[in-house]
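Topology and contacts: notes
Okay, here's what each chain looks like letter by letter:
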Amino acid sequence: MAQLHEYKAKQILAEQGIEIPRGEAAFDSQKAKEIAERIGGEVVVKAQIHSTSRAAAGGIKFAKSPDEAEKTTSEMLGKEIANNLCEAVLIDEKAEIEREFYLGFIVDTTLKRPTLLFSDSGGSGIEERADSMKKLVCSIRNEPTIEEIKAICGDERIAEILQKLYRVAKKTDARTAEINPLALLKDGRLVALDCRISVDDYADFRQKDLGIEIARELGHTPTKLEKIAWEIEKDDFRGTFFFVEILEDKSKIENQKSKIGFHGAGGGGSMASLDAAQRNGLSPACYVDTSGNPPASKVYRAARIILSIPNIRGYFLSGSGVASQEQFGLARAVLKAFLEVKPNIPAVLRLGGNGEDIAKELVERYAKFLPAPIEAYRKKDTADFCASRLFELISNAKTQRGKDAKGEIQSETEIKDQKSKVKNHCQFKTKTGTISFDYSQLDSDSAEKIVTSCPQKILKLDENNKPILAIEQAEAERGKCSECLACEFASLDLGLNAVKIDFPIEGLNPKSKI
Amino acid sequence: MSILIDQHKKVIVQGITGREGSARAKLMLDYGTNVVGGCTPGRGGQEVHGLPVFNTVKETVEHFGKIDVSVIFVPAPRVKVAAIEAIEAGIPLIALIADRVPLFDVLEICEVADEHGAKFVGPNTVGVMSPDKAVLGMMGGRAETAKEWFHKGSVGIMSRSGGLSASTGYYICQTGLGISTICHVGGDSVIGLTFPEVANMFENDAETELIVMIGEIGGSQEEQVADLVASGKITKPIVAYIGGKAAQSGTRYSHAGAIIEGGKGTWQGKVERLREVGVTIVEQFGDIPEKVKEKLSTDGHR
C-alpha cells in the first residue's frame, strides 16, 4: 500500500476539521527558512520519510530560529535517513504537550470489519503497548456514532476526532490511518501532531487526487523502471503485472555472474519459482509476476522492461507449472520482446499448462533467430530443473553475438520508418497499441491465413482479398482486439513481416539492449 | 459428494458479454458446469454461446427460478455493484474472479453477504472445481485438458494461490489419486470464504478423506485451521505447504495478503503452530503428492 507523506496526511485531517499544528512542507532550505519565519518562535523540522524509527534516525529536529531551520533542512534534504531518501521536510510550530493519545483506524482482516483503536498512552513505542488498545469494530457502510466511540475513549472531544478519522479513512481508501500522537496541549487544544495514512493499492483508480506516485509496496523508493512498469499497469485491468527490482548489494560481485531477469506467471507459483531460482544459484534482479490472464501486450511490455535491466545474464520465466491460461499467448509475448531486442543472454521458459506443446514448438521455431539459446519446458519439468538448466546455460555462455536474423520482428523505430514509406497498408488502433498490415507482402492465400488466425474474428478480407477490420475501428480500440499477437505470428510463420504490432512503452528507450 | 459446486448447480455469469466472461462461460459449459445464462446491463435479449443474456441479475433469476451460483467476470472497479446485485437477488454463492478489487468494496460485499446469508469465493480467485463434475471461474483452462488433468477422488484442496491450486491438483492426480474439490480462496487480505470455513466443508463432505492446504505468509487463516484441529473440529488429516519462506518483512510478493506486517503471519509462526497440532508440513512443493499418498495409506483411509 502506498503511504502518504505526513504533510499530505495532515492536510487531509485538516480538511475534515481535525486541528493540526501550523506548518508547511518545504522542498528546499530557503523555503524552510521562510516558513519558520512565518510561524515564528521555535519550530520542529520533520523529514518526510516512511519509517517507524524516524526520530531515532535523526529525522526529527527542533530549531530555535529560522536560520537554524534552514541549516537543519539542508542537512536532511537529499540524505538517506533510516534507508529512505529525504526529499521534503515539514516545518511545524513546536507544541507544548500535556498528554499524548493514540488514535487509529485499521481493517481487521479476520472479522472483515473496519476497526477504530484508542490508547490513552500515545507517542513512540505504541507498537509494544498494542495490547492495551481499546477497539471498536465498525461497519464500512454506517459510520460509528459519537456514543459508540465514547465507549472506547471516554471523551466527547476525542470521540469526535475519532469519528472524523473514520471519515478520513473512508475518503482516502485507507487500509490504516493513525494519529500518533494526538496531543492535549497546555492551552487545552487537541492537536494531531503526526499522522500516517496507508492507501489501498487497489483503490488507486479512484484516489487520483492523492498524488500517489506508484501504488505498490516496494520497500524502497521507486526506480525508473518501476515507474515505467506502473504506468503500464495502473489503468489496464486485464490481468496483473507486478514489477519490483531486487536491489542488490553492489559489493557482491559474485551475484553479477548469475544475475537474471525473473519473470513469474501466477502469484503462488512465482513465489515458489523465485525460491527455486535462488536455490539453484541464480540471483534474480527483479521479481515480476504477470498473472490473471493478462493480454499478450502486457506480458510483452513486462518482458521488454525486464530485458532493459542492465547486466542481466539470463532470463527465467516460470509460473505454477500447470497454468490454466494458454501458454502460447505467453510464449508469443516473450518471443516478440526477444525478437525485437535480440538480447545476447540465454533464456529458459517454463511454459507448463494449457497449450504447452504449441508454446514449446513456437519457441523452438524462433530460437534460431536469436543470438543466444532460448529453451522451453513443460509441466513435467520442475521449477528447480529449469532453474538449474538456466544456470548451466549462463555458465556455458560465450559472448558471441549475431546470427543472421531473418523473419525478425523489427524494432519500433524501424516500423515507424517504414510506415512513412509504405502507402499500401491498413492500420488500426487497439486498446494500447497499433496494428498495421502491409498489403504489398500479401497474396490472397497469406491474407486469408492471417485473417483466420484471429481468435476474436475481428478481421475479414476486402474485395481485393486484403485483410481489413470486420468491426468498427472504435470497437477494436475499446478492447474487441484482445492484443493476442496471433496475426503477427501468423505472418511471421509465413516468413513475412506483413503484420506489425506496435505496443509503445512510455519512458523506455526503444533501442535498449543488453 | 464434493463441496461448493457440482454438475447440478445452476450457474449464471455476470459480465457474460465481455472478453473474459464470454470465453470462460464457454469453457465452463464445455467442462460440464450447468451454466444457464448470464447478464450484462444493456445487453438483454442477446445470446452468448446459445445462452440467454439479461440486463439484470433479478431478471435472470426471475426467468430461471432459483440460481445457485453467480460467477462475476467484470473489471475490479465494478465488482462491488455486481456482487451486491447478485446477493440482493438471492443468489447464495458468488465467485469474484477479478484481481485488484478495492479493500473497502470487499468489506461492503462482506457486510451485505452476511445480512443475506450469502457466501462468496474471492476476490482474485481462479475459481472452484469438482473434477468430473463442474468448474467455476477459470480453473483448469480448456475443458479437454482440464478433464485430462483432474479426476474425482478423496483429496480436498484449498489454496491461496491460483496457479498452485491447479498444479497441486495435477500432480496429485498424476500419482493415481483423485480430488473431491479444489477451492482457490483468493490471494487478497480480506476474502469471502476462508481456509477455516472451507476446511469445515471438507470435514463434513463424505467424499473427502484428506485435506491439502496451500497457504502462504501473511494473515492468520492457517493458524485458524490449526485452532480447529486442536479443538477437534477438524479430524481429517491435513497436508500443508506454506509459501514465502524467504520473503522479506514489509515487501509484497504478488498477493495482497502475502505480506508480513508487525512480525505477524510469518512462515515460521505458521509452520510451528500447524506442526504443534499434528498437521503434516511439506517444505518442498514437489513433495506434496508423495506425502498425501503416504498419509492416506497410514491413516487407514481409502
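Residues numbered from 1 in each chain as written. Chains lettered and ligands numbered in written order. Predicted model: local features only at pLDDT ≥ 70, side-chain atom pairs only at ≥ 80, totals over all residues. Heavy atoms only, no water.

Description of the overall build of chain A
Rules: A run of H or I in DSSP counts as a helix once it spans at least four residues, and a run of E counts as a strand once it spans at least two, with each numbered from the N terminus. Whether a residue is buried, partly exposed or exposed follows from its accessible area with a 1.4 Å probe, protein chains only, as a fraction of its type maximum: under 20%, in between, or over 50%, in that order. For accessible areas, the Shrake-Rupley method is used with a probe of radius 1.4 Å. Any residue's cover is judged against the shown protein chains and nothing else. The sign given to each residue is positive for Lys and Arg and negative for Asp and Glu; His and the chain ends receive no count. Charged groups are reduced to one reference atom each: NZ for lysine, CZ for arginine, CG for aspartic acid, CD for glutamic acid.
Within chain A, the secondary structure is distributed over 16 helices and 25 strands. Taking the principal axes of the C-alpha coordinates as reference, chain A spans close to 85 × 50 × 45 Å. Across the 514 residues that make up chain A, the buried fraction comes to 57%. Counting every atom, chain A has about 21,800 Å² of accessible surface; 48% of that belongs to carbon and sulfur. In chain A, 76 side chains carry a positive charge and 80 a negative one; their mean positions are 3 Å apart.

Points about the sheet that holds strand β21 (residues 425–429) of chain A
Residue and element names in this part refer to chain A. Put simply, the rule is: For two strands to be treated as a pair, DSSP must find no fewer than two bridges joining them. Here the axes come from fitting lines to C-alpha atoms, over the contacting stretch only for helices, and the angles between their N-to-C directions go from 0 to 180 degrees.
Here three strands make up an open sheet; going across it, the order is β21-β22-β25 and the pairing antiparallel. Sheet topology places β21 and β25 (499–502) at the edges, where each strand pairs with a single neighbour. Strand-to-strand twist across the sheet, computed as the mean angle between neighbouring axes with direction ignored, equals 15°. Alignment of β21 against strand β22 (residues 434–438), held across five bridges, turns out to be antiparallel. Along β22, the bridge assignment pairs Lys429 with Thr434.

Some points on the interface of chain B and chain A
Note the following rule: Contacts are assigned to residue pairs with any non-hydrogen atoms lying within 4.5 Å of each other. Note: buried area is the sum, over both parts, of the accessible area (probe 1.4 Å) each one loses when the two are combined. We count a salt bridge whenever a side-chain nitrogen from Lys or Arg sits within 4 Å of a carboxyl oxygen from Asp or Glu.
In this assembly, 58 residues from chain B lie in contact with 64 residues from chain A. A buried area of about 4,900 Å², summed over both sides, lies between chain B and chain A, and 53% of it is on carbon and sulfur atoms. For the pair chain B and chain A, the interface holds seven salt bridges. One salt bridge connects B:Asp105 with A:Arg206, and the closest N-O pair in it is separated by 3.0 Å.

Thoughts on the pairing of strand β19 (residues 347–350) of chain A
Residue and element names in this part refer to chain A. Going by this rule: Here, the term right-handed applies to a crossover whose path from the first strand over the helix to the second runs clockwise when the strands point away from the viewer.
Side chains Ala347 and Leu349 project from β19 onto one buried face, and the interleaved Val348 and Arg350 project onto a second face that is buried too. For the crossover that starts at strand β18 (residues 314–319), traverses helix α10 (residues 327–341) and ends in the parallel β19, the hand is right-handed. Taken together, the four bridges between β19 and strand β20 (residues 374–377) define a ladder with parallel strand orientation. Looking at the pairing, Leu349 lines up with Ala376 of β20. Viewed along the sheet, the connection from β19 through helix α11 (residues 356–366) into β20 turns out right-handed.

Observations concerning the pattern of salt bridges
Note that side chains of opposite charge can pair when their charged atoms are close. All names here are of chain A. The full count for this structure, using the stated rule, is 58 salt bridges over all chains. For Glu375, the salt bridge is made with Arg389, and the minimal N-O distance between the two is 2.8 Å. Here Glu375, found in strand β20, pairs with Arg389, found in helix α12 (residues 383–396); they are 14 residues apart in sequence, far enough to count as distant. Of the residues examined, Glu375 reaches a relative accessible area of 18% and is grouped as buried. One salt-bridge network, in which partners are shared between bridges, spans Glu6, Lys10, Lys46, Arg54, Asp92 and Asp194.

Quick notes on the packing of helix α4 (residues 146–153) of chain A against helix α5 (residues 156–172) of chain A
Residue and element names in this part refer to chain A. We count it as follows: Note that the term roughly parallel is reserved for angles under 35 degrees, roughly antiparallel for angles over 145, roughly perpendicular for angles of 65 to 115, and oblique for everything else. In a left-handed crossing the near helix is turned counterclockwise from the far helix by less than a right angle, and in a right-handed crossing that turn is clockwise.
Viewed as axis vectors pointing N to C, α4 and α5 meet at an angle of 115°, and their least axial separation amounts to 8 Å. What the angle tells us is that α4 and α5 run roughly perpendicular. Of the two possible hands of crossing, α4 and α5 adopt the one that is right-handed. Residues Ile146, Ile149, Lys150, Ile152 and Cys153 of α4 lie in contact with α5, whose contacting residues are Glu156, Ile158, Ala159, Glu160, Leu162 and Gln163.

Looking at the nonpolar core
Let me state the cut-off plainly: Grouping buried Ala, Val, Leu, Ile, Met, Phe, Trp, Tyr and Cys residues that are joined through side-chain atoms within 4.5 Å yields what is termed a nonpolar core.
The biggest cluster of nonpolar side chains holds 92 residues, and the ones touching the most others in it are A:Leu103 and A:Leu162. Here A:Leu162 is in contact with A:Leu103, A:Gly104, A:Leu116, A:Leu117, A:Phe118, A:Ile149, A:Ile152 and A:Cys153, once residues within four sequence places are set aside. Listed in part, the 80 residues of the second largest apolar core include A:Ala272, B:Ile5, B:Ala199 and B:Ile234.

Quick word on the domain arrangement of chain A
Residues and elements named next belong to chain A. What counts is decided by this rule: Each domain's extent is set by a domain assignment, obtained either automatically or from a database.
Each domain of chain A was delimited in the assignment, giving domain 1 (22–93), domain 2 (97–204), domain 3 (224–396) and domain 4 (412–502). Centre-to-centre, using C-alpha coordinates, domain 1 lies 26 Å away from domain 2. Each partner contributes to the interface: domain 1 provides five residues, whereas domain 2 provides four residues. Where domain 1 abuts domain 2, roughly 300 Å² becomes buried across the two surfaces, and 20% of that area is made up of carbon and sulfur atoms.

Quick notes on helix α7 (residues 195–203) of chain B
Residue and element names in this part refer to chain B. For clarity, the cut-off: As used here, the arc belongs to the directions running from the helix axis to the C-beta atoms.
Here α7 has its buried residues at Phe195, Pro196, Val198, Ala199, Phe202 and Glu203. All buried residues of α7 fall inside an arc of 165° around its axis, so they share one side. Turning to α7, the residues buried within the fold contact β10 (152–159), β11 (179–184), β12 (210–216) and α8 (221–230).

Digging into the sheet that holds strand β3 (residues 47–48) of chain B
Pairing within the open sheet is mixed, and its seven strands lie in the order β3-β4-β2-β1-β5-β6-β7 (chain B). The sheet is open, and its two edges are formed by β3 and β7 (119–121) of chain B, each paired on a single side.

Focus: the domain arrangement of chain B
Accessible area lost on assembly of the parts is the figure often given for the size of an interface. All names here are of chain B. Along its sequence, chain B is organised into domain 1 (11–121) and domain 2 (150–298). Using only C-alpha atoms to locate each centre, domain 1 and domain 2 end up separated by 27 Å. Counting from both sides, the interface comprises eight residues of domain 1 and, opposite them, 10 residues of domain 2. For the domain 1 and domain 2 pair, buried surface summed over both sides reaches about 690 Å², with 64% attributable to carbon and sulfur atoms. For the domain 1 face of the interface with domain 2, the top three residues by lost area are Lys119, Phe120 and Val121, together amounting to 51%. At the boundary of domain 1 and domain 2, one finds one salt bridge. For Lys119, the salt bridge is made with Glu197, and the minimal N-O distance between the two is 3.7 Å.

Description of the environment of A:Asp502
With respect to the helices and strands, the residue A:Asp502 is situated in strand β25. With 115 residues separating them in the primary sequence, A:Asp502 and A:Ala387 have C-alpha atoms 32 Å apart.

A closer look at the side chain of A:Lys500
Note the cut-off: A 3.5 Å cut-off defines polar contacts: any pair of N or O atoms within that distance qualifies, except that in protein one atom must be a possible hydrogen donor and the other a possible acceptor, and neighbouring residues in sequence count only when both atoms are side-chain atoms.
Locating A:Lys500 in the fold gives a position in strand β25. A polar contact is formed between the side chain of A:Lys500 and the backbone oxygen of A:Asn497, at a distance of 3.2 Å.

Some words on the packing of aromatic side chains
So the rule is basically this: Centre distance within 6.5 Å is the pairing criterion for rings of Phe, Tyr and Trp, where only the six-membered ring of Trp is used; planes under 30 degrees apart are then read as stacked, over 60 as edge-to-face, and the remainder as tilted. Any Lys NZ or Arg CZ that is within 6 Å of a ring centre and within 35 degrees of that ring's normal is treated as a charge sitting over the ring.
Under the definition given, this model contains 20 aromatic pairs over all chains. Between A:Phe105 and A:Tyr166, the aromatic rings sit 6.0 Å apart at their centres with planes inclined by 70°, giving edge-to-face as the arrangement. Of this pair, A:Phe105 sits in strand β8 (residues 97–108) while A:Tyr166 sits in helix α5, and the two are 61 residues apart along the sequence. Comparing A:Phe105 with A:Tyr166 shows no difference in burial state: the two are buried. For the ring pair A:Tyr366 and A:Phe369, a centre distance of 5.8 Å and an interplane angle of 45° mean the geometry is tilted. Here A:Phe369 falls in the buried class, since its relative accessible area comes to 14%. Following the ring pairs from residue to residue traces out a cluster consisting of A:Phe242, A:Phe262, A:Tyr287 and A:Phe316. Taking the ring centre of A:Phe237 as reference, the NZ or CZ of B:Arg100 above it sits at 4.5 Å.

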